[in-house]
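Survey of secondary and tertiary structure
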Amino acid sequence: MSDRFREVIATGEQFDELRALCGGNPSQRASDKVITTLDSHCREFIAKSPFLSMSTSNASGRCDVSPRGDEPGFVLVLDDHHLFIPERPGNRRMDSVQNILTNPHIGLQFYIPGLGETLRVNGKAFICRDLELLERCVVNGRAPVFGIGVEVEECYSHCAKAFIRSGLWSPDSWLHKDQLPSPSQMLIDHAKLQNVTAEEVAIDMNEGYKQRLY
């Protein structure tokens, strides 16, 4: 255990004390909101969502969260218990895929711009090359090489407090463009790239965004 943090909660008894400090058990409404099927509300939410976060972990529990995004409705709802997420071209690290092969448990969080509430979906994932499903995900004449199938176990809405506190959907809270971090300089420093400028890396990144989305 790290010695950098003090007053670490490490036992069930300490957790019970912490829960009491946080107001006790969740409300009946919070406990009862979890469902096990993709009902009409979940289907509508997913159909209008252009973006999700995907959480996976490997067999030893090391976690990864990665984004997935496309036009609203890019995630296919196959029936009350199954989703299909097309895998678009990325950086080819395939962290999520490697995790799923050793640990199928997956957590998804769907977002709709401007809406504070989100939809959380938990279940089991499968790496899938079903041609029929891949053909339904064609964009610009290109089908994905594979997708991630999800067998849904839990669905529930998540409140908007984090979005309200952060002002994420409020343009007035956004930093000016010249105040933003430099992704190209970050890549240079982290990857220890030599003999290249941030401007050159930015041009290459933007070219990839234009030419290699699908």
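Since the model is a prediction, treat every value here as computed from it, not as a measurement. (Residues numbered from 1 in each chain as written. Predicted model: local features only at pLDDT ≥ 70, side-chain atom pairs only at ≥ 80, totals over all residues. Heavy atoms only, no water.)

In this section: the overall build of the chain. A tally of regular secondary structure across the chain gives eight helices and seven strands. Along the first, second and third principal axes, the C-alpha atoms of the chain reach 55 × 45 × 40 Å. With 214 residues in all, the chain has 29% of them scored as buried. Within the chain, contacts between residues separated by at least 24 positions form 63% of all contacts whose residues are at least 6 apart in sequence. On the chain, roughly 14900 Å² of surface is accessible, and the fraction owed to carbon and sulfur atoms is 53%. (Helix = DSSP H or I, 4+ residues; strand = E, 2+ residues; numbered from the N terminus. Buried < 20%, exposed > 50% of the residue type's maximum accessible area, 1.4 Å probe, protein only. Contact = heavy atoms within 4.5 Å. Areas by Shrake-Rupley, 256 points an atom, 1.4 Å probe, with all protein chains shown as cover.)

This part takes up the environment of Glu154. Mapped onto the fold, Glu154 is located in strand S7 (residues 147-158). As a C-alpha pair, Glu154 and Gly23 span 131 residues in sequence and 25 Å in three-dimensional space. In contact with Glu154, other than residues within four places in its own chain, are Val34, Ile35, Arg120, Val121 and Asn122.

A few words now on the side chain of Ser49. Of note, Ser49 is situated in the loop between helix H3 (40-47) and strand S1 (51-57). Setting aside its immediate chain neighbours within four residues, Ser49 contacts Glu71, Pro72, Gly73, Phe74, Phe110, Tyr111 and Ile112.

Moving on, we come to the pairing of strand S4 (residues 82-86). In terms of burial, S4 is a largely internal element, four of the five residues being buried. Note: strand S3 (residues 76-79) against S4, three bridges, orientation antiparallel. Its bridge partner being in S4, Leu76 is matched across the sheet by Phe84. Between the antiparallel neighbours S3 and S4 lie two residues. (Pairing = 2+ DSSP bridges.)

What follows concerns the sheet that holds strand S2 (residues 63-69). What the seven strands build is an open sheet, ordered S2-S1-S5-S6-S7-S4-S3; its pairing is antiparallel. The open sheet terminates on both sides in strands that have one partner only, identified here as S2 and S3. Shown here is a sheet whose adjacent strand axes are inclined to one another by a mean of 30 degrees, direction ignored. Sheet contacts for H3: S3, S4, strand S5 (105-111), strand S6 (118-128) and S7; angle to S6, the most-contacted strand, approximately 80 degrees. (Axes fitted to C-alpha atoms, helices over the stretch in contact; angles between N-to-C directions.)

A cluster of nonpolar residues, Ile9, Phe15, Leu18 and Leu21, forms a patch on the protein surface that exposes about 400 Å² of accessible area. Tracing the sequence through the fold places Ile9 in the segment before helix H1 (12-21). By relative accessible area, which is 43% here, Ile9 ends up partly exposed. (Patch = residues over 30% accessible without salt bridge, like charges linked within 9 Å, V, L, I, M, F, W, Y side chains within 5 Å. Salt bridge = Lys/Arg side-chain N within 4 Å of Asp/Glu carboxyl O.)

Once that is clear, we can look at the pattern of salt bridges. Under the criterion given, the structure shown has six salt bridges. Here Lys48 makes a salt bridge to Glu44, at a shortest N to O gap of 2.8 Å. Relative accessible area serves as the criterion here: at 43%, Glu44 is assigned to the partly exposed category. Between Glu87 and Arg68 there is a salt bridge, with its nearest N and O atoms 3.1 Å apart. With Glu87 in the loop between S4 and helix H4 (95-102) and Arg68 in strand S2, the pair connects residues that are 19 residues apart, well separated along the chain. Assessed through its relative accessible area of 16%, Glu87 is described here as buried.

What follows deals with the nonpolar core. Of all hydrophobic cores here, the largest spans 22 residues; its most connected members are Leu83, Ile85, Leu108 and Phe110. Listing elements by their share of this core, those giving two or more residues are H3, S1, S4, S5, S6 and S7. Leaving out residues up to four positions away in the same chain, Ile85 has contacts with Leu52, Met54, Arg68, Phe74, Val75, Leu108, Gly147, Ile148 and Val150. Counting residues in each nonpolar core, the second largest holds six residues, with Leu76, Phe84, Cys128 and Leu134 among its members. (Core = buried A, V, L, I, M, F, W, Y, C linked by side-chain atoms within 4.5 Å.)

Moving on, we come to the packing of aromatic side chains. Using the criterion set out here, one finds three aromatic pairs in the structure. Aromatic side chains Phe163 and Trp169 sit 5.6 Å apart centroid to centroid with 15 degrees between the ring planes, which places their arrangement in the stacked category. On the basis of relative accessible area, Trp169 is assigned to the partly exposed category, the value being 31%. Three or more aromatic residues joined by ring pairs make a cluster, and in this case those are Phe51, Tyr111, Phe163 and Trp169. (Phe/Tyr/Trp six-rings, centres within 6.5 Å; stacked < 30°, edge-to-face > 60°.)

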